[in-house]
Amino acid sequence: MRLCPLNMPTNYDEIAEQYKRSKQVAWRYYIEQYSLCELAGDMSGLSILDLACGDGHYTRVFKKMGASRVVGVDISAKMIELATTADKAERLGIEYLVGDARSVHFRGSFDMLLAAYLLNYARSVQDLLVMAKAIHQSLKPGGRFVTVNNNPNQDPRSFGNTRKYGFVKSADGELRNGTAIHYTFLQDGEEFVIENYYLDAAAHVSAFQEAGFSDVHWLSLIHISEPTRQAE
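Anyway, here's the lowdown on the structure attached to this text. Bear in mind that the values here come from a model prediction, so they are computed numbers and not experimental data. (Residues numbered from 1 in each chain as written. Predicted model: local features only at pLDDT ≥ 70, side-chain atom pairs only at ≥ 80, totals over all residues. Heavy atoms only, no water.)

Moving on to the pairing of strand S8 (residues 190–197). Two strands pair when backbone bridges link them, and strand S7 (residues 180–187) and S8 are joined in this way by eight bridges, in the antiparallel orientation. Bridge pairing links Ala-180 to Tyr-197 in S8. The hairpin formed by S7 and S8 contains two residues between the paired strands, and Asp-188 there has a positive phi angle of roughly 50°. (Pairing = 2+ DSSP bridges. Helix = DSSP H or I, 4+ residues; strand = E, 2+ residues; numbered from the N terminus.)

Given below as structure tokens:
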């Protein structure tokens, strides 16, 4: 295993508490978390690596879903501190490490890798390829990588439509590979900004295929349906 921190555009040490709170809004649970867990499927007895784990929200979810071993990695020492504190309170036995997803190599250690909003930190196609290779090398033969990511097909004209959900997006000019995307989160009377980068869907597929993945699919988010009312 090798962990080597690299520079990332957003300093999560400065916004760790705010970002942690941003995960408590309804759409995170009913759409994001539901989609990720449904796609991951049964985790019973599996070894799981959560890349860009943040405060450990999903590492705890995965452990409670029955994974035998869960490891969380994040570049932010403050995020890992929050995750470790939460794990001590729940005593789930999760392992946490400070490191960069582009240089983490566990050499075939995990049945599954999961990540929420990791790939959108790749600044270029080459950067994404480095990340994809690190992910592939960390999986056991036949292992899977499941992720939730920024939608590269979203029309920039709709970037402001999510204000009611607590965030808006903006782009530094025309969308092309490498364009900076800014997420402005609006909550509790304050704002904080996260910088990501745009890479089109074809770049993602190409990078992961070159890294060694045989099947690469883009899937739409799903959500928990409301219970159907029965006629009286």
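Along the chain, Arg-123 falls in the loop between strand S4 (110–116) and helix H5 (125–138). When the C-alpha positions of Arg-123 and Ala-180 are compared, they lie 8.1 Å apart, and in sequence the two are 57 residues distant.

Time to look at helix H1 (residues 12–22). Taken together, the buried positions of H1 are occupied by Tyr-12, Ile-15, Ala-16, Gln-18, Tyr-19 and Ser-22. On its buried face, H1 is in contact with helix H2 (26–40), helix H4 (77–90), S7 and S8. (Buried < 20%, exposed > 50% of the residue type's maximum accessible area, 1.4 Å probe, protein only. Contact = heavy atoms within 4.5 Å.)

A word on the sheet that holds strand S1 (residues 47–51). What the five strands build is an open sheet, ordered S3-S2-S1-S4-S5; its pairing is parallel. Lying at the two open borders of the sheet, with one neighbouring strand each, are strand S3 (95–98) and strand S5 (139–148). Here the strands of the sheet are splayed against their neighbours by 20° on average, with no regard to which way each runs. Of the pairings in the sheet, the one linking S1 to strand S2 (residues 69–74) comprises five bridges and is parallel in character. What sits directly across from Asp-50, in S2, is Gly-72. (Axes fitted to C-alpha atoms, helices over the stretch in contact; angles between N-to-C directions.)

Right, let's get into empty space enclosed by the protein. Over the atoms rolls a probe the size of a water molecule, and in doing so it shows where empty space is left. Counting across every chain of the model gives one cavity of 30 Å³ or more. Size it by volume and the largest cavity reaches roughly 50 Å³. Per-class residue counts for the lining of the largest cavity are six nonpolar, four polar and no charged. (1 Å grid on protein atoms, 1.4 Å probe; cavity = no way out; pocket = protein on both sides within 12 Å on 5 of 7 lines; lining within 4 Å. Points joined across faces, edges and corners; volume = space filled by probe spheres on them. Nonpolar A, V, L, I, M, F, W, Y, C, P; charged D, E, K, R; others polar.)

A separate point is the pairing of S7. Counting buried positions over the eight residues of S7 gives seven, a clear majority of the element. Bridge count for strand S6 (residues 167–171) against S7 is five bridges, and the pairing is antiparallel. Bridging across to S7, Ser-170 finds its partner in His-182.

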